[in-house]
Structures are given as structure tokens and as C-alpha cells.
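Now for the letters of each chain:
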Number of protein chains: 2
Amino acid sequence: MNRLAEIAKLAGVSAATVSRTLTRPELVAERTRRRVMNAVQATGFRPNELARSLKQSTSRTIGLVVTDLNPFHATLVKGVQDTAEQQGLNVILFTSDDSQAREHEALSVLRSHMPQGLILIPTTHTRQHRHLLRGLTVVELDRESGLGDAHTVQIHNRKGAAEAVRHLISLGHTRIGAIFGQPHISTARERALGYREALAEAGLNSDETLIRHGDDLEASGRTAALELLDGPAETRPTALFVSNHEMTVGTIIALRSLGLRIPADISLAGFDDSRLMLLHEPPISVVAQPTYELGVRACEVLVQALKGEQDVQEVQHLRLEAPFVPRGSTAPPWSAR
Amino acid sequence: MNRLAEIAKLAGVSAATVSRTLTRPELVAERTRRRVMNAVQATGFRPNELARSLKQSTSRTIGLVVTDLNPFHATLVKGVQDTAEQQGLNVILFTSDDSQAREHEALSVLRSHMPQGLILIPTTHTRQHRHLLRGLTVVELDRESGLGDAHTVQIHNRKGAAEAVRHLISLGHTRIGAIFGQPHISTARERALGYREALAEAGLNSDETLIRHGDDLEASGRTAALELLDGPAETRPTALFVSNHEMTVGTIIALRSLGLRIPADISLAGFDDSRLMLLHEPPISVVAQPTYELGVRACEVLVQALKGEQDVQEVQHLRLEAPFVPRGSTAPPWSAR
DNA sequence: GTGAAAGCGCTAACAC
DNA sequence: GTGTTAGCGCTTTCAC
């Protein structure tokens, strides 16, 4: 006998009535409802989600695919999770590591779980996995893949980057090195645009030899920084703008290994705030993403989209502010002299 | 028509044969198998996990309940995730925030998903949720709740803590303040034991006024440190041992606000390594947990337990080494003078 | 307002 | 080796 039937027997009603009591209590007479609820509470019964989802052809589950699980993503995930829980949604988590195979697997597995929707940090492979997203409500988080029908929740990347670079320029820097992520990722592209925009405004022409593209991981930040600083002090950059957290960490390590003092020998502006950035001596100036809120908003957008499913729903494109926070790591050039 | 039946029609076989081809291909004739696989590949078919799990009364899913989602947990989760994926297991993630209600909800929801097993950072409430774990293979990670039938994967807390304190003693410290988590949590208790053990070995009697208990969050570390250092320099501790990462961060912040230099004015030994600890100036001496590996091992223990389900299986209790890593934050007392 | 019955998509006896 | 059939535990018409 299935579990629902047990409760039914206990309460002296049919299985259908138990089900109704649990899902649409207004359809059930007050007295019956009470009897059923008593039986439910006494046994600690909770309907089998799998059976329910199978029957309804959709689950109370959403997928969350992140590209990695560093502190930035952890905060993102927490924002999504907390919000999802409030909505009675469960989260199945995947990490794509920016890999084609893993993203494919994640999306494929996910489909077989009939999720209500999906929150996804897209990768450069997402477009070719388009078919795996068919019929799913998708919210792209942090980056965007260019798929027209997905909602997006991002920050003002260009603006944030421009602010940081303007700040460096206002301090008197003219040779500002930059380290971005891979150019086919939207965040990297937009942040690079902001960098160029700020330079152009100031009448500085952007020198391509001062630009590097890493892969958003610490090691590539280190390598890129070492390359940028591999030259005589007279010609090398007097400031660096690094466009994500991990690569900023890599840059800090590189600067140490070169014995360069921040900001005396070189100014550093990073991206993504963290306690590391805050507690570093000196504290690192950063473009501070509202990370937790990004997660929350992504989930909210998803929930809203799921609710209004019937209506002709507008695709939402949210952009949150990511203010530049000047701290001790940025100072006028040659301040050591 | 259900999706399996579609494939069946396409390949000119019955649904059962498609199912067999996918789950136990050795039972199907070579030729048939090829025809089925063609149809499967052509359509990108993947069986509905919900239906499969419902039928089999168990899913290819495991639950993962963490107490929070800070960088330490993120690494733990990543270890679990990566390993689970290799085993074809999906992870449903929950955060209990050490709250009774949230842990209850997490475990209750989880049950309704018929997971194969559960990896759990237990809380002080876990024992009273015992009934929600019935029939589930459980691996307790990081801490232990004392439930006899759960596997556990932890570090040598006592040993790690003792090493750290011995190091401080060997530097000449005799008044060593300590900040632990709540004493009803196993890690806090064990680390406190290690602290006392090291003091006892050295013939130092442990002074209860030098001990504080926080809640493993940053703010409580800050508060506790401020309390411990609220006194004349002559009587206050010359070194602090803080038994988790977040509270160590809080302590660093407290020391800064008091204008105390590390290690000149006070030595600091923390728990849990991170880039923050490493890049801090000076780098913080810590008991370094093998965090990622803890996650991996927890998942491995779970998988192994699931495999050997039939046999009378021994309950596994793993303890990994957490070596103390001395760095610049610990030095002889009064080294400033 | 409630019950009977069908069926979500799959797997596993059991028959052939 | 393969097909037929029953059923996992629930929800949802459709009757009454």
C-alpha cells in the first residue's frame, strides 16, 4: 500500500481526499480536512516528490549551474538557495568548470529531473547546448550567452570597470595595464569596453600591449601580471586593473614575488569584493559586486517568470549596480619617489 | 505516448527492450542494441529520472546539507560534487544555517526525493531529527552528532589543536587565549581538548578566563577577541588560538581595531587555511584542514557504503590529518620589546 | 464534498 | 532475447 493510501485509511477517507487536503485544502470540508491533517501530522507523512512531479510533469526543483565554486560563487549559490527555500523550491547544483562536457552533462541530467527552471552561469558552450534548454525557463546569472529567450541578471560591468579606470586616471596614471577574462565571455568583454571607454574619455589611446586575457582563475592572473610587468620600470604600467577576483589574487601574488609594493610601486584595482581584499594590507580598491543579491534576484526573476508563465511574459534583463570602492591600493604613480 | 515508447517505435522494438538497452545492455542482442542506440542518439533521449526513481524506489541523488556556505564549505561542496558526478550521482544542496527549523525542513524535503544517501554536517539538532534519517545511509562530515549508525569523515581536531598550542608554548607563551565554537559541537569540543592537553603537557594550568565560545561566525570571533584583550597588557594573553576560519577573521579585525600588531604585540594561530590567511601580512599560522579532500572522502565513503549495502557493513570513521602550518603570525611573546 | 479510476514514464517479473 | 504486464505513489478528471 502506498503511503498516501495509508493516511487515507487512517483518516477514513480516500487517497484522493488526502491529496486534495494537502494541495488544495479549500476543496475539502473543514471536518474532513482536520481528520486528514491529524493523520498526516501523527505519521509525519510527506508526499513523495518524485511521484508528484512525475504525475504533474514538473517538479518543485530548479537547477543551478555555476562555473566554479570559489567564494564568489558560494555567495551567489547562497543567495539563490535562501530564496529558493522560501519559495519551496529545491536546488540541484552543478559545476560546469567552464567545460563543454560538464555543462552538457549537467543540462542533460537536469532535464531528466523535470525542473521548473534553471539558473545558469552560461559558458562559451551554452549556445551549442541550446537544445537542452528548450521548454525551460532560464535565468542567466552573472554573464549572458546571447540566447534571446533567457532572462539575465547581471551587473553594470562596463560602468563598474570604467569607474575603476577613471579613478586610476584621476590619480595621474596613464599606463594602465589590464587583465580580463576570455574575450568571448560577456563579462570580460563588457569590462574591457569600460576600460577602453575610460581611457578614451581621458584622451589616452589604449595600448594593446598593456592588455592580457586570462581564464578567470588565479594562476592566469599571476602569469598575466608577470608578463605585464616584465620590462623596465620606465615603460611598464604604473597601475593594473584586474577584472575578476581570482585573477586579482593571482596579481597580488605576482606583485609580491616581484617585490613591488602596493601602491608605492604600482597601483592595483580589482574586481569583486571579499574579506581578502578588505583585510589585505593595504586594502584593495575593487569594483564591488552585490554578490548575494545577484543570487537572490536571479531566483526572484525565475520565480516571477514561472508564475506568469501563461501570460505573454516579457523577458527580464536586470542589471545591478557594482560600485567602485577606492581603498589603499590605488595612489598616484611614483608615489614612492 | 511516453518518451520511452517513442524510441521503442523508432527502433521497432518494445519499451522494455529500450529500457534494457540503456540499463543492462548485456541482456540485449548486439543488433537490437545498435538499432536502439541509434534511435536514442538521434533523438537525444534520456530516460526520465523521476519515473525511473519512482519505479525503483530510490534515486541517483544524494543530499548534501551544509551548515553555511562560506569559502570553507564551498570547497567541501566542490569535493563532494566532483566525486558525485564521477559516480553519476546528483547532489541536492541544502543550507541549515545551524537552525533547527531549516535542518528539519532540509531533511524532510530530502526524504521525499528518495535519495540514495546523505552527506551532512550535523548540528546540535541532528539527534532530534534522527527519525528523518531512518533507512538512509548517512555520512557525517566535519562534525559528528553521536548517532551511532552514521559514517563519519572528520579531521584529527584534537591533535591539530594541540599541535598549534604546543607551538605557541614552545615559543614561550604561557597565557594563551582561546576561542572555540559552541561546546556542544564536536569540533569545538575536540579542539578545546587539544588545547587543554597541550597546556597540561607543559604543566600550564588552563585558565578558564582565557577561554571564550563563539558561534563559528566572524562577528563572534571579533567579540570574543575584544573581550579576551580587554585588560592591562601585563595580564592579558600574549597569544590567541582561534578554532575556526570565520572567527579567526573576526579576531584579525579585532586586533586591528585595538591597534595590536601581529606578532609583535600578540601571536595568532588560526584554524582552516585559506588564501586570506596566506596573503595576510604577516601570513597567519593555521591548522590546515584538507578541505577539498574531506568532501571527496565523504562522498567516497557514501558510495562505498551504498555499494556494499547488502553485506553487513562496518560503519566507517575516517579521520584525516590537519597539520599545523607555522607562519609569521606566531612569534615569541613580547618580541616587540 | 468525496470516491473511483486512469495515468505520469519508467523498470522488472514473467511468459514465450 | 524480447514482449506483455503490472505497478512505483501520487494527482486529477469524471461521476455521484
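Here the residue numbering is sequential within each chain, running from 1 through the sequence in written order. Note on labels: chains are lettered from A, ligands numbered from 1, in written order. For a predicted model such as this one, the threshold for reporting local features is a pLDDT of at least 70, and the threshold for listing and counting side-chain atom pairs is 80 or more; totals across whole chains, interfaces and linings nevertheless cover every residue. With hydrogens and water set aside, each side-chain value is computed from the structure's full complement of heavy atoms.

Caption draft 1: Looking closely at the protein's contact with DNA strand C. Whether a residue is near a molecule or strand depends on its heavy atoms: it is near if one of them lies within 4 Å of it. Around DNA strand C, the surrounding shell holds 25 residues, and the nearest of these are Thr17(A), Arg20(A), Thr32(A), Leu4(B) and Ser19(B). Restricting attention to atoms of DNA strand C within 4 Å of the protein, one finds that 63% of them are sugar or phosphate atoms. For the purposes of these results, a polar contact is taken to be a pair of N or O atoms within 3.5 Å, where, inside protein, one atom must be able to donate a hydrogen and its partner to accept one; residues adjacent in sequence count only when each atom of the pair is a side-chain atom. Backbone polar atom of Ala29(A) to a phosphate oxygen of DNA strand C: 2.8 Å apart, as the coordinates give it. One of the backbone nitrogen or oxygen atoms of Ala51(B) is found 3.3 Å away from a base nitrogen of DNA strand C. Strands here are runs of E lasting at least two residues and helices are runs of H or I lasting at least four, both read from the DSSP assignment and numbered beginning at the N terminus. Looking at the surface near DNA strand C, the elements that each hand over two or more residues are α2 (15-23) and α4 (49-56) of chain A together with α1 (3-11), α2 (15-23) and α4 (49-56) of chain B. In the surface near DNA strand C, the residues fall into 11 nonpolar, 8 polar and 6 charged. Three classes are used, and their members are as follows: Ala, Val, Leu, Ile, Met, Phe, Trp, Tyr, Cys and Pro are nonpolar, Asp, Glu, Lys and Arg are charged, and the others, Gly among them, are polar.

Caption draft 2: Just the domain arrangement of chain A, in detail. One can read the domain layout of chain A as domain 1 (3-55), domain 2 (61-155 + 292-320) and domain 3 (157-288 + 324-336). A C-alpha centroid distance of 33 Å is found between domain 1 of chain A and domain 2 of chain A. Domain ranges listed in this record stem from an automatic or a database domain assignment.

Caption draft 3: Region of interest: the interface of chain B and chain A. Any two residues having at least one pair of non-hydrogen atoms within 4.5 Å are treated as being in contact. Each side of the interface is counted separately: chain B has 45 residues, and chain A has 45 residues. Taken together, the two surfaces of chain B and chain A that pack against each other cover about 4,200 Å², and 55% of this comes from carbon and sulfur. Throughout, buried area stands for the accessible area (probe radius 1.4 Å) lost by two parts on being put together, summed over both. Contact with chain A buries area across many residues of chain B, yet Leu50(B), Arg275(B) and Leu279(B) alone supply 18% of it, more than any other trio. A side-chain nitrogen of Lys or Arg and a carboxyl oxygen of Asp or Glu constitute a salt bridge if their distance falls within 4 Å. Close ionic contact of Lys78(B) with Asp97(A) constitutes a salt bridge, the shortest N to O distance being 3.4 Å. Across the chain B-chain A interface, the total number found is 26 residue pairs in polar contact (both at pLDDT 80 or more). When contributions to the side of chain B that touches chain A are tallied by element, the ones reaching two or more residues are α4, α5 (71-86), β2 (90-95), α6 (100-111), α10 (245-257) and α11 (275-279) of chain B. Per-element tally for the side of chain B that touches chain A: the top contributor is α5(B), with 7 residues. Of the residues contributing to the side of chain B that touches chain A, the split by class is 20 nonpolar, 11 polar and 14 charged.

Caption draft 4: Quick peek at the environment of Leu278(B). Topologically, Leu278(B) is positioned in helix α11. As a C-alpha pair, Leu278(B) and Gly328(B) span 50 residues in sequence and 9.8 Å in three-dimensional space. Excluding residues within four positions of it along the chain, Leu278(B) makes contact with Arg256(A), Pro283(B) and Arg327(B).

Caption draft 5: The arrangement of the relation of the copies chain B and chain A in detail. A least-squares fit on C-alpha atoms brings the copies together, and the residues used are those whose pLDDT is at least 70 in both copies. In the superposition of chain B on chain A (RMSD 0.1 Å, axial shift 0.0 Å), the rotation amounts to 180°. The two molecules are tied by a two-fold rotation axis, judged by turn and shift. Here 100% of the interface residues in chain B have copies in chain A that are interface residues too; the copies meet face to matching face.

Caption draft 6: View of the nonpolar core. To form a nonpolar core, buried Ala, Val, Leu, Ile, Met, Phe, Trp, Tyr and Cys residues must be joined to one another through side-chain atoms within 4.5 Å. Partly exposed residues are those whose accessible area sits between 20% and 50% of the maximum for their type, while under 20% is buried and over 50% is exposed, using a 1.4 Å probe and protein chains only. Ranked by internal contacts, the top residues of the largest apolar core, which has 102 residues, are Ile119(A), Tyr195(A), Phe241(A), Ile119(B), Tyr195(B) and Phe241(B). Grouped together as the second largest cluster of nonpolar side chains are 44 residues, Ala225(A), Leu240(A), Ala225(B) and Met277(B) included.

Caption draft 7: Structural detail: the sheet that holds strand β3 (residues 117-120) of chain B. Strands were regarded as paired on the criterion that DSSP finds at least two bridges between them. Sheet architecture is open: 12 strands sit in the order β11(A)-β5(A)-β4(A)-β3(A)-β1(A)-β2(A)-β2(B)-β1(B)-β3(B)-β4(B)-β5(B)-β11(B), paired in mixed fashion. In this open sheet, the two strands that pair with only one neighbour each are β11 (317-320) of chain A together with β11 (317-320) of chain B. Across the sheet, the mean angle separating the axes of adjacent strands is 20° when strand polarity is ignored. Think of each axis as a best-fit line through the C-alpha atoms, taken over the contacting stretch in the case of a helix, with angles from 0 to 180 degrees between the N-to-C directions. Most of the contacts of α6(B) go to β2(B), to which it runs at about 160°, and overall it touches β2 (90-95) of chain A together with β1 (61-66), β2 and β3 of chain B.

Caption draft 8: Main features of the packing of α1(B) against helix α3 (residues 30-43) of chain B. All names here are of chain B. One can describe the packing of α1 onto α3 by two numbers: an axis separation of 9 Å at closest approach and a directional angle of 125°. Relative to α3, the element α1 is oriented oblique. α1 and α3 meet at a crossing whose hand is right-handed. Only Arg35, Val36, Ala39, Val40 and Thr43 of α3 make contact with α1, whose side of the interface consists of Ile7, Leu10 and Ala11. Each angle is binned into one of four classes, with values under 35 degrees roughly parallel, values over 145 roughly antiparallel, values of 65 to 115 roughly perpendicular, and all other values oblique. When the near helix sits turned anticlockwise from the far one by under a right angle, the crossing is termed left-handed; a clockwise turn instead gives a right-handed crossing.

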